[in-house]
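Chain by chain, the residues run as shown.
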Amino acid sequence: MAGMGARLGDASAPARPPVSDEAIGRDELALATRNHGLPLEALRYDLTPPGLHYVLTHYDIPYVPDGASWQLTLDGRVRRPLRLGLADLRAFPQVTTRVTLECAGNGRALLTPRPVSQPWLVEAVGTAEWTGVPLRLLLEAAGVEDDAVEVVLTGADHGVERGVEQDYQRALPLDVALGAEPEVLVAHAMNGAPLPPQHGRPLRLVVPGWYGMAHVKWLRGIRVVDEPFTGFQQAVAYRIRQRPDEEGEPVTRIAPRALLIPPGFPDFMSRTRVVGPGGLTLEGRAWSGRAPVTRVEISTDGERTWRRAGLAPDGGHPWAWRSWRADWTATPGEHVLSARATDAEGHTQPLRQPWNRGGFANNLVHRIRVVCPDPEELG
Ligand SMILES: Nc1nc2c(c(=O)[nH]1)N[C@H]1C(S)=C(S)[C@@H](COP(=O)(O)O)O[C@H]1N2
Ligand SMILES: [Mo]
């Protein structure tokens, strides 16, 4: 791979600040078409229908026509290393958990200056029911040594990023990997069916409450280690930094967010919404990976005033988004509708952008522009 670092090193690097007023480039367009978002009208479904869940893949989707010969290894600081096929995994107790998954880069393209990378607006989210074996049970079967500190998860996909050739790898702290509430899953099914290729066929990790990067797809290796993992996706990418030379804070749990289901109908290009005058119900979803959402507020007057929306119960799904609704009377003119969520630990959504170099965890309040035509003018 000599020379690759030089050629793919800096100029094409993701998550860099733009040069002056650089527009979205063709490389970002290529990422944006591969890695599609959830059309916001699909927020209406409790469980995101197949194909409408967002997708993010750093490299290529591995070709796995069926998982029959897949082998998952569990080794490192354990007393009994394991090699497990899908049938072996099905012999363990199975758990199904409804989880809202969100990419850490969601909101990136709304930042100013805009970090150059996968240009998500606010649609990198989806909710699914994942079935699999609690990671904790696999670790217990292997017998974790006393000096273990982290668990490194390896995917079958391979690529190069900022000049560093790598398998996609992420680590979890041992206490999270062994956690019982929530349970981290080695999942083989999504919404009751085998994982689709783009979501990790045949196995992926699911870490309820954590941003997407932790949910390693095409999982082929689990290694228990006695030193903190320093791989690219852990130590270089997915850190909150203001300056390139700082160590930064790791990206972990999902910050609270409320999204509005866009009301009325859209203009094709601008996506501006058109609503008729009169009463309507504004609806949306809200979630937080840190603590349960306790409050959703909306503003219909450009954020001069806020009022509380009605929040539906979690229905026994603490790691999934919840519905909210609020009534509004549309009057002729232009309006900005805003929504924000707050969780039980008091985390909320900022009114000013929380900028960082990678464009991570931008949970700025959601704003939608609405035009309400005057019936008199329409004739
Ligand atoms: N092996 C592997 N796992 C991966 C990724 C990847 O590129 N390779 N992308 C991660 C990121 S950044 C996100 S946001 C989620 C997206 O999961 P989804 O495509 O199923 O929605 O997968 C994560 N797991
Ligand atoms: Mo992501």
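Conventions we followed
Residues numbered from 1 in each chain as written. Chains lettered and ligands numbered in written order. Predicted model: local features only at pLDDT ≥ 70, side-chain atom pairs only at ≥ 80, totals over all residues. Heavy atoms only, no water. Near = heavy atom within 4 Å. Polar contact = N/O pair within 3.5 Å; in protein donor to acceptor, adjacent residues only side chain to side chain. Areas by Shrake-Rupley, 256 points an atom, 1.4 Å probe, with all protein chains shown as cover. Nonpolar A, V, L, I, M, F, W, Y, C, P; charged D, E, K, R; others polar. Pairing = 2+ DSSP bridges. Helix = DSSP H or I, 4+ residues; strand = E, 2+ residues; numbered from the N terminus. Axes fitted to C-alpha atoms, helices over the stretch in contact; angles between N-to-C directions. Contact = heavy atoms within 4.5 Å. UniProt positions renumbered as here; feature names shortened; annotations may be inferred.

## Some remarks on the site of ligand 1
Neighbouring ligand 1 are 21 residues; His 58, Asp 157, His 199, Arg 204 and Lys 217 lie closest to it. Note that a nitrogen atom of ligand 1 is positioned 2.6 Å from one of the side-chain N or O atoms of Asp 157. At a separation of 3.0 Å, a nitrogen atom of ligand 1 approaches a polar backbone atom of His 215. Computed on the free molecule, ligand 1 has an accessible area of 540 Å², of which 100% lies beneath the protein chains in the complex. Considered class by class, the residues forming the shell around ligand 1 number 10 nonpolar, 8 polar and 3 charged.

## A look at the sheet that holds strand S6 (residues 164-173)
Read from one edge of the open sheet, 5 strands run S2-S1-S10-S5-S6, paired in mixed fashion. The two strands at the open ends of the sheet, each matched to only one other strand, are strand S2 (82-84) and S6. For this sheet, the mean inter-axis angle between neighbouring strands, taken without regard to orientation, is 25°. The pairing of strand S5 (residues 150-161) with S6 spans 9 bridges and is classified as antiparallel. Residue pairing across strands places Val 151 opposite Leu 172, the latter belonging to S6. Packing against the sheet, helix H4 (residues 135-142) makes contact with strand S1 (72-76), S2, S5 and strand S10 (219-225), and its axis sits at approximately 135° to S2.

## Quick word on the UniProt feature "domain: Moybdenum cofactor oxidoreductase dimerisation" (unreviewed entry) in the protein
Taking the numbering used here, the UniProt-annotated feature "domain: Moybdenum cofactor oxidoreductase dimerisation" (unreviewed entry) corresponds to residues 279-370. Note that residues 279-370 is 0% helix and 49% strand, and that its end C-alpha atoms are spaced 14 Å apart.

## Digging into the sheet that holds strand S17 (residues 293-299)
In spatial order, the strands read S14-S15-S22-S21-S17-S18; together these 6 strands make up an open sheet with mixed pairing. A single partner strand is all that each edge strand has here, and the edge strands are strand S14 (265-266) and strand S18 (307-308). Sheet topology places strand S15 (residues 273-274) next to strand S22 (residues 366-372); 2 bridges connect them, and they run parallel. Bridge assignment links Val 274 to a residue of S22, and that residue is Val 371.

## Brief notes about the UniProt feature "domain: Oxidoreductase molybdopterin-binding" (unreviewed entry) in the protein
The sites that UniProt annotates as "domain: Oxidoreductase molybdopterin-binding" (unreviewed entry) are residues 59-232. With 10% helix and 38% strand, residues 59-232 has end C-alpha atoms that lie 14 Å from one another.

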